[in-house]
Amino acid sequence: MEDLPEIRIGTAEREAAMRRLSDHFAAGRLSVAEFDERSAVVAAALTRGDIAPVFADLPDPLVKAAAVPAKSASGFLSEWPERIMAVIPIIAVILFFTTGSWLWFLAIPLMGALLFGSRHNHDDRDRDRDRRRDRDNRSNRGQDAID
């Protein structure tokens with residue numbers, strides 16, 4: 001459909017173009033003046049041919065998504081298990097000196113197992129599931145070739 005530039009567009013197409021333009025602006029590819037100028041062109045567009053020049057020098061959204069790796073969540077609470085684990089040995093030493101019992105040092109591996117044990121189990125399960133899926137896909141492709 002993109003090859004028919006003189007097809008008239010409606011509100012939905014204009015809104016989709018504005019969203020794409022906003023995404024490019026948010027990614028830092030457009031200055032405020034460029035965004036204002038291009039958004040005026042999109043708002044006044046009557047055909048696909050009117051919108052095409054607005055995106056001529058901007059990358060395709062699919063290319064952008066593939067080229068930019070997904071960011072993990074950042075912030076103070078995103079790494080809370082690591083932050084807690086960093087404090088546990090200090091707490092164990094303080095409790096050792098205040099109570100005189102060495103058993104507090106057992107809290108260090110215990111907390112490590114509690115905080116990180118389930119994370120590794122999920123990773124192992126995901127890896128095993130992916131291996132089974134790959135193996136099944138290979139065997140299904142082999143069956144398709146035989147049939």
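See the structure shown above.
Read on for a plain summary of the structure.

Quick look at the pattern of salt bridges
- Enumeration over the complete set of coordinates arrives at 1 salt bridge.
- A salt bridge links Asp57 to Arg38; the nearest nitrogen and oxygen atoms lie 3.0 Å apart. Residue Asp57 is located in the loop between helix H3 (48-51) and helix H4 (61-67), and its partner Arg38 is located in helix H2 (residues 32-44); the two are separated by 19 residues in the primary sequence.
- Given a relative accessible area of 14%, Arg38 falls into the buried group.

Regarding a nonpolar patch on the surface
- On the surface, Val93, Phe97, Trp102, Leu103, Phe105 and Leu106 cluster together into a nonpolar patch covering about 640 Å² of accessible area.
- Along the chain, Val93 turns up in helix H5 (residues 80-99).
- For Val93, a relative accessible area of 33% translates into the label partly exposed.

Here we look at H2
- Taking 1.5 Å per residue as the helical rise, H2 with its 13 residues ought to reach 18 Å, and the 18 Å between its terminal C-alpha atoms agrees with that figure.
- Buried within H2 we find Phe35, Arg38, Ser39 and Val42. Each buried residue of H2 lies within a common arc of 105 degrees when the element is viewed along its axis, so the set occupies one face. Opposite the buried face of H2, by more than 90 degrees, sit the exposed residues Ala33, Glu37 and Ala44.
- Buried residues in H2 make contact with helix H1 (11-26).

Concerning the nonpolar core
- Counting residues in hydrophobic clusters, the biggest one holds 11 residues: Ile9, Ala17, Leu21, Leu30, Phe35, Val42, Ala45, Ile51, Val54, Phe55 and Leu58.
- When contributions to this core are tallied by element, the ones reaching two or more residues are H1 and H2.
- Apart from the residues within four sequence positions on either side, Ala17 is in contact with Val42, Ile51 and Phe55.

Observations concerning the side chain of Ser39
- Among the secondary structure elements, Ser39 is positioned in helix H2.
- Leaving out residues up to four positions away in the same chain, Ser39 has contacts with Met18 and Leu21.

Focus: the environment of Pro59
- Structurally, Pro59 can be placed in the loop between H3 and H4.
- For the pair formed by Pro59 and Arg29, sequence separation is 30 residues and the distance between their alpha carbons is 9.4 Å.
- Filtering out sequence-adjacent residues up to four positions away, Pro59 remains in contact with His24 and Arg29.

As for the environment of Ala16
- Tracing the sequence through the fold places Ala16 in helix H1.
- Through-space distance from the C-alpha of Ala16 to that of Val42 is 9.9 Å; in sequence the pair is 26 residues apart.

Details of the packing of H1 against H2
- Following both chains from N to C, one finds H1 and H2 inclined at 170 degrees, their axes separated by 10 Å at the closest point. The angle between H1 and H2 places the two elements in the roughly antiparallel class. Contacts from Arg14, Ala17, Met18, Leu21, Ser22 and Phe25 in H1 reach Val32, Phe35, Arg38, Ser39, Val42 and Ala43 in H2.
- Tallied by class, the residues present in the contact of H1 with H2 amount to 8 nonpolar, 2 polar and 2 charged.

Regarding the packing of aromatic side chains
- Inspection of the entire model under this criterion finds 3 aromatic pairs.
- An aromatic cluster of three or more residues is present, and its members are Phe96, Phe97 and Phe105.
- When the ring centre of Phe55 is taken as reference, the NZ or CZ atom of Arg20 above it lies at 3.9 Å.

Conventions adopted
- Residues numbered from 1 in each chain as written.
- Predicted model: local features only at pLDDT ≥ 70, side-chain atom pairs only at ≥ 80, totals over all residues.
- Heavy atoms only, no water.
- Salt bridge = Lys/Arg side-chain N within 4 Å of Asp/Glu carboxyl O.
- Helix = DSSP H or I, 4+ residues; strand = E, 2+ residues; numbered from the N terminus.
- Buried < 20%, exposed > 50% of the residue type's maximum accessible area, 1.4 Å probe, protein only.
- Patch = residues over 30% accessible without salt bridge, like charges linked within 9 Å, V, L, I, M, F, W, Y side chains within 5 Å.
- Areas by Shrake-Rupley, 256 points an atom, 1.4 Å probe, with all protein chains shown as cover.
- Expected span 1.5 Å × (residues − 1).
- Arc of directions from axis to C-beta.
- Contact = heavy atoms within 4.5 Å.
- Core = buried A, V, L, I, M, F, W, Y, C linked by side-chain atoms within 4.5 Å.
- Axes fitted to C-alpha atoms, helices over the stretch in contact; angles between N-to-C directions.
- Parallel < 35°, antiparallel > 145°, perpendicular 65-115°, else oblique.
- Nonpolar A, V, L, I, M, F, W, Y, C, P; charged D, E, K, R; others polar.
- Phe/Tyr/Trp six-rings, centres within 6.5 Å; stacked < 30°, edge-to-face > 60°.
- Lys NZ or Arg CZ within 6 Å of the ring centre and 35° of its normal.

On their own, these measurements won't tell you what the molecule is for.
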